[in-house]
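Tertiary structure, described
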Amino acid sequence: QVELVESGGGLVQAGGSLRLSCAASGFIFSNYAMGWFRQARGKERELVGGVTWRGVSTPYADSVKGRFTISRDNVKNTVYLQMNSLKPEDTAVYYCARSRTQYMGVIRPIDFGSWGQGTQVSVST
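Residues numbered from 1 in each chain as written. Predicted model: local features only at pLDDT ≥ 70, side-chain atom pairs only at ≥ 80, totals over all residues. Heavy atoms only, no water.

**Details of the packing of aromatic side chains**
Tallied over the entire structure, the rule returns five aromatic pairs. Ring centres of Phe37 and Trp115 lie 5.9 Å apart, and the angle between their planes is 70 degrees; on these two criteria the pair is classed as edge-to-face. You can see Phe37 sitting in strand β4 (residues 32–39) and its partner Trp115 sitting in strand β9 (residues 112–115), a full 78 residues away along the chain. Assessed through its relative accessible area of 3%, Phe37 is described here as buried. Geometrically, the ring pair formed by Trp53 and Tyr103 is edge-to-face, given 4.9 Å between the ring centres and 75 degrees between the ring planes. Of the two residues, Trp53 is situated in the loop between β5 (46–51) and β6 (68–73) and Tyr103 in the loop between β8 (92–102) and β9; the sequence distance between them amounts to 50 residues. With a relative accessible area of 46%, Tyr103 lands in the partly exposed category. Each member of the aromatic cluster is reached from another via a ring pair, and the members are Phe27, Phe29 and Tyr32. One Lys or Arg, Arg72, reaches over the ring of Phe29 and ends 4.4 Å from the middle of that ring. In this arrangement the basic side chain of Arg98 is found over the ring face of Phe27, its NZ or CZ atom lying 4.8 Å from the centre. (Phe/Tyr/Trp six-rings, centres within 6.5 Å; stacked < 30°, edge-to-face > 60°. Helix = DSSP H or I, 4+ residues; strand = E, 2+ residues; numbered from the N terminus. Buried < 20%, exposed > 50% of the residue type's maximum accessible area, 1.4 Å probe, protein only. Lys NZ or Arg CZ within 6 Å of the ring centre and 35° of its normal.)

Structure representation (structure tokens):
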């Protein structure tokens, strides 16, 4: 059974940093692409970025380019989202996600099929 557990969210001032973690279990982590989504109140869920099973980062959402970095540790079965220079508009629930199939080299939002429960990130002015 696929299990994705996010942690690291919280309240931070604008300009600050947070690192989110997602601990995965129930599948062969190294075979799957992973990603981070976010959903702000009243808005649709959007793909922040992803990392292929080979460890190659896929294009980030324009709104986070240059500020957010996704990485993975296949020994710890964990994917990370490092968020720097946070802005109030980054406030959202952040979700970790796993691709539907193994060995995916191209990642689109529709390619993800499993999500964690989410962790709240709030950025104050």
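Having put the structure on the table, let's press on.
**Some details on the side chain of Ser114**
By secondary structure assignment, the location of Ser114 is in strand β9. Setting aside residues no more than four positions away along its own chain, Ser114 makes contact with Val2, Leu4, Cys96, Ala97 and Arg98. (Contact = heavy atoms within 4.5 Å.)

**Details of the environment of Leu20**
Within the secondary structure, Leu20 sits in strand β3 (residues 18–25). The class for Leu20 is buried, based on a relative accessible area of 0%. Separated by 76 residues in the primary sequence, Leu20 and Cys96 have C-alpha atoms spaced 9.2 Å apart. Ignoring sequence-local partners within four residues, the contact set of Leu20 consists of Ser7, Gly8, Gly9, Trp36, Val79, Tyr80, Leu81, Met83, Tyr94, Thr119 and Val121.

**Details of the pattern of salt bridges**
If charged atoms from side chains of opposite charge come close, those side chains can pair. Scanning all chains against the criterion turns up five salt bridges. Of the charged contacts, one joins Asp62 and Lys65 as a salt bridge, the two residues approaching to 3.0 Å between their closest N and O atoms. The exposure class assigned to Lys65 is partly exposed, which follows from its relative accessible area of 47%. Where Arg108 meets Asp111, a salt bridge forms, and the shortest distance between an N and an O atom there is 2.9 Å. Given a relative accessible area of 47%, Arg108 falls into the partly exposed group. (Salt bridge = Lys/Arg side-chain N within 4 Å of Asp/Glu carboxyl O.)

Nothing here speaks to function; it is all geometry.
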